[in-house]
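Chain and residue survey
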Amino acid sequence: MVPNSTARRVAGASADPGQASPDAGLRVRELTVDLWVDGRLRRIVDGISFAVAPRGTLGIIGESGSGKSVTALALLDLLPASAHVGGEIRWRGEDLVNASPARRRRIRGREIAMVFQDPLAALNPTRPVGRQIGEILRRGGMRRAQAGERVVDLMTMAGIPDPTSRRRAYPHQLSGGLRQRVVIAMALAGEPSLLLADEPTTALDVTVQARILQLLGDIRAETGLAMILVSHDLRVVSHVTDAVAVMYAGRLAEYGPTRDVLRQPRHPYTRALIQSVPAVHSRSALTRPLPGTPVGPANRPAGCAFHPRCPLAIDRCAVEQPAWRPVPPGRWVACHRAEEVGA
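Residues numbered from 1 in each chain as written. Predicted model: local features only at pLDDT ≥ 70, side-chain atom pairs only at ≥ 80, totals over all residues. Heavy atoms only, no water.

Details of the side chain of Thr 32
Inclusion rule: Strands here mean DSSP runs of E at least two residues long; helices mean DSSP runs of H or I at least four residues long; both are numbered from the N terminus. Contacts were defined at the residue level, with two residues in contact if any of their heavy atoms lie within 4.5 Å.
Along the polypeptide, Thr 32 turns up in strand β1 (residues 26–37). Setting aside residues up to four positions removed in sequence, Thr 32 forms contacts with Arg 43, Val 45, Asp 46, Gly 47, His 84, Val 85, Gly 86 and Gly 87.

In structure tokens:
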């Protein structure tokens with residue numbers, strides 16, 4: 001399910017991600033997130049920039065603990081009250097970092113919506129799923145009878161069989177795949193322009209994962225909404241995204257058009273992620289597992305955070321943080337040896 005190349009709109013990949021074109025729906029520049037960890041304030045997200053054009057799709061990938069989900073939650077102001085968010089988050093030109101709580105609440109769900117990683121945790125176990133979808137519509141001012149009809153429409157759009165009957169089901173009565181479809185229906189209820197999908201297929205088996213990805217692609221094509229897909233799985237982002245941002249230890253390692261990044265990575269971490277993907281025709285489970293242990297943002301080493309695991313690391317990598325720089329054509333990378341990796 002690769003998008004038609006003539007219809008794709010790369011999410012700001014051809015220019016500095018923090019200096020996206022004026023028509024960018026979402027522009028993030030030098031985003032930082034500080035959270036309290038073990039009694040200390042730690043920088044979990046460290047100065048990342050990206051943009052998503054209207055109808056564009058961006059994938060944010062990396063291992064667990066790289067800061068992907070924290071980034072997504074920061075966009076919608078869903079982090080703990082003690083968190084400190086810095087930098088710029090601009091939605092249609094509006095500054096969200098300094099917006100009032102009331103304004104951010106109006107944007108959340110109506111203009112930017114989120115599909116959470118664990119549908120069972122995202123749903124209220126004491127209420128039927130149809131009622132939970134309907135509550136969003138009623139808060140938007142829709143009458144009860146009209147909301148009931150719209151719930152069926154949304155569940156149908158999310159690919160839920162027999163929605164008239166299943167709207168009365170409780171979350172525990174549905175399979176994981178159907179629960180995730182309910183969460184997608186809830187996200188669509190506010191008719192948002194941007195959808196954040198945080199690991200939407202993690203807890204599902206491979207067959208159901210493929211169906212959910214196909215559903216997200218179909219919804220995007222039908223509604224024209226933009227999407228940010230957070231995942232640790234390169235196969236997921238390769239199917240449904242125009243551009244990809246690779247994160248490691250709270251920083252961006254590489255950014256560019258998805259097809260170009262996966263064909264010719266310019267960062268050793270991106271290359272290692274690609275090589276670790278299970279090969280369909282291989283007898284081994286992994287083609288080449290990543291060496292070492294992932295470094296979290298809370299214990300980020302000096303220099304390049306990836307250097308303890310990097311086969312190309314030199315002395316400079318241990319002491320000097322790589323600059324975020326353009327690498328033609330239309331790519332950005334933070335690596336001292338990007339040209340050698342690309343070659």
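Moving on from the coordinates now.
A few points about helix α5 (residues 144–157)
Rules: The span one expects for a helix is its residue count, reduced by one, times 1.5 Å.
In a regular helix each residue adds 1.5 Å, so 14 residues correspond to 20 Å; α5 covers 20 Å between its end C-alpha atoms and thus fits that length. Contact partners of the buried residues in α5: α4 (129–139), α6 (163–166) and α7 (176–188). Note on α5: the residue one or two positions beyond its end, Gly 159, has a positive phi of about 75°.

Concerning the pairing of strand β9 (residues 243–248)
Where a strand is regular, its side chains alternate between the two sheet faces. Heads up, the rule is: Residue exposure (1.4 Å probe, protein chains only): buried if accessible area is under 20% of the type maximum, exposed if over 50%, otherwise partly exposed. The rule for pairing is simple: two strands pair if DSSP sees at least two bridges between them.
Among the 6 residues that make up β9, 6 are buried, leaving the element largely enclosed by the rest of the structure. What you see with β9 is no split at all: Ala 243, Ala 245 and Met 247 on one side and Val 244, Val 246 and Tyr 248 on the other are buried throughout. Pairing geometry for strand β3 (residues 57–61) and β9, over 4 bridges, is parallel. Considered in β9, the bridge of Gly 59 is made with Val 244. For β9 and strand β10 (residues 251–257), the ladder comprises 6 bridges, and the chain directions are antiparallel. Within β10, the residue paired with Ala 243 across the bridge is Pro 257. Between the end of β9 and the start of β10, which pair antiparallel, lie 2 residues, with Ala 249 showing a positive phi angle near 55°.

Thoughts on the sheet that holds strand β2 (residues 40–52)
Consider a sheet: its strands pair through backbone hydrogen bonds, and that pairing is either parallel or antiparallel. Taken together, the 4 strands give an open sheet; going across it, the order is β2-β1-β4-β5, and neighbouring strands pair in antiparallel fashion. Single-partner strands in this sheet number two, and they are β2 and β5 (94–95).

With respect to the pattern of salt bridges
For clarity, the threshold we go by: In what follows, salt bridge is the name for a side-chain nitrogen of Lys or Arg lying within 4 Å of a carboxyl oxygen of Asp or Glu.
Enumeration over the complete set of coordinates arrives at 18 salt bridges. A salt bridge links Asp 77 to Arg 104; its shortest N-O distance comes to 3.6 Å. Linking Asp 77 in the loop between α1 (68–75) and β4 (84–91) with Arg 104 in helix α2 (residues 101–107), this pair joins segments that are 27 residues apart in sequence. Here Asp 77 makes a salt bridge to Arg 108, at a shortest N to O gap of 3.8 Å. Highlighted residues: Asp 77 in the loop between α1 and β4 and Arg 108 in the loop between α2 and β6 (112–115), separated in sequence by 31 residues. Overall, Asp 77 belongs to the partly exposed group, its relative accessible area being 34%. Since its relative accessible area comes to 27%, Arg 108 is described here as partly exposed. Within this structure, Arg 92, Glu 94, Arg 103 and Glu 111 form a network of salt bridges that share partners.

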